[in-house]
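Topology and contacts: notes
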Amino acid sequence: MAGKRYSRQRELIYQAVCDSDQHPTAEMVYQWLKPANPSLSLGTVYRNLNLLADEGILVRMPFPVERYDADTRPHTHFRCRQCGCVFDFKISYDREIDAAAGTAEPEFRIEDHTLLFSGLCPRCLEKKQVDFS
């Protein structure tokens with residue numbers, strides 16, 4: 001982890017996000033780490049996640065409850081409207097969208113965009129189909 005200040009707790013928090021494909025909330029990270037780190041507080045988790053996001057080491061994802069992503073490369077996400085889970089979507093980042101937006105609104109400097117799809121994830125879709133049976 002490249003960052004301005006190192007601490008053991010910050011490294012644990014960062015590693016928890018890196019080891020997850022769930023785009024965790026601060027509460028999720030706290031619940032994962034608390035059993036092995038009894039002195040850890042939820043406030044510490046929030047502060048460190050926000051510091052890591054401010055440093056560009058994580059991406060802060062402003063959903064109704066903020067989530068964090070260790071993959072800082074531009075990429076697309078899917079959020080399930082049923083369970084709230086967030087997944088990386090396997091669609092290439094399209095720089096042509098940035099160019100088109102820059103052409104349409106030339107007074108703005110477009111640097112990137114965020115693309116979020118929503119609907120039902122496979123697990124919730126399967127549950128829904130079972131409920132109708």
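Above this text you will find the structure in question.
Just so you know, these numbers come straight off a predicted model, no measurement behind them. (Residues numbered from 1 in each chain as written. Predicted model: local features only at pLDDT ≥ 70, side-chain atom pairs only at ≥ 80, totals over all residues. Heavy atoms only, no water.)

**Some remarks on the side chain of Asn37**
Worth spelling out the cut-off: A run of DSSP states H or I qualifies as a helix once it reaches four residues; a run of E qualifies as a strand once it reaches two. Both are numbered from the N-terminal end. A 1.4 Å probe rolled over the protein chains alone gives each residue an accessible area, and that area as a share of the maximum for its type sets the label: buried under 20%, exposed over 50%, partly exposed in between. As used in this structure description, the phrase polar contact means that two N or O atoms lie within 3.5 Å; if the pair is within protein, one of them must be able to donate a hydrogen and the other to accept it, and residues adjacent in sequence are counted only when both atoms belong to side chains. Contacts were defined at the residue level, with two residues in contact if any of their heavy atoms lie within 4.5 Å.
Structurally, Asn37 can be placed in the loop between helix H2 (26–33) and helix H3 (42–54). With relative accessibility at 11%, the residue Asn37 sits in the buried group. There is a polar contact of 3.4 Å between the side chain of Asn37 and the side chain of Arg8. Setting aside anything within four residues of it in sequence, one finds Asn37 in contact with Arg8 and Leu12.

**What about the environment of Leu115?**
Locating Leu115 in the fold gives a position in the loop between helix H4 (95–104) and strand E5 (116–119). Sequence-wise, Leu115 and Thr76 are 39 residues apart; in three dimensions their C-alpha atoms are separated by 5.3 Å. Aside from chain neighbours lying at most four places away, what touches Leu115 is Thr76 and His77.

**Comments concerning the layout of surface pockets**
Where we set the bar: For cavity detection a 1 Å grid was placed over the protein atoms alone, and a set of points counts as a cavity when a 1.4 Å probe fits there but cannot get out; an open set counts as a pocket when protein lies on both sides within 12 Å along at least five of seven lines, with lining residues being those that have an atom within 4 Å of a point. Grid points are joined across faces, edges and corners, and a volume is the space filled by probe spheres set on the points. Side-chain classes are defined by residue name, with Ala, Val, Leu, Ile, Met, Phe, Trp, Tyr, Cys and Pro counting as nonpolar, Asp, Glu, Lys and Arg as charged, and the others, Gly among them, as polar.
Of the pockets and cavities examined, the largest pocket occupies roughly 320 Å³. If you trace the largest pocket, you find 16 residues lining it, with Val59, His75, His77, His113 and Thr114 closest to the centre. Here the lining of the largest pocket is built from residues that sort into seven nonpolar, five polar and four charged.

**Details of the packing of helix H1 (residues 8–18) against H2**
Basically, it comes down to this: A fitted line through C-alpha atoms represents every axis, and for helices the fit uses only the stretch in contact; the resulting angles, taken between N-to-C directions, go from 0 to 180 degrees. Put simply, angles under 35 degrees are roughly parallel, angles over 145 are roughly antiparallel, angles from 65 to 115 are roughly perpendicular, and the rest are oblique.
Their axes nearest at 10 Å, the elements H1 and H2 cross at an angle of 110°. Considering the angle they form, H1 stands roughly perpendicular to H2. Only Val29, Trp32 and Leu33 of H2 make contact with H1, whose side of the interface consists of Leu12, Ile13, Ala16 and Val17. The residue makeup of the contact of H1 with H2, split by class, is seven nonpolar, no polar and no charged.

**Focus: the nonpolar core**
Where we set the bar: Among buried residues, the Ala, Val, Leu, Ile, Met, Phe, Trp, Tyr and Cys ones that are joined through side-chain atoms within 4.5 Å form a nonpolar core.
Residues Ile13, Val29, Val45, Leu49 and Leu58 are the most contacted members of the largest nonpolar core, which totals 16 residues. For this core, the secondary structure elements donating two or more residues are H1, H2 and H3. Apart from the residues lying within four places of it in its own chain, the contact partners of Leu49 are Ile13, Val17, Ala26, Leu58 and Tyr68. Counting residues in hydrophobic clusters, the runner-up holds five residues, among them Phe78, Leu120, Cys121 and Cys124.

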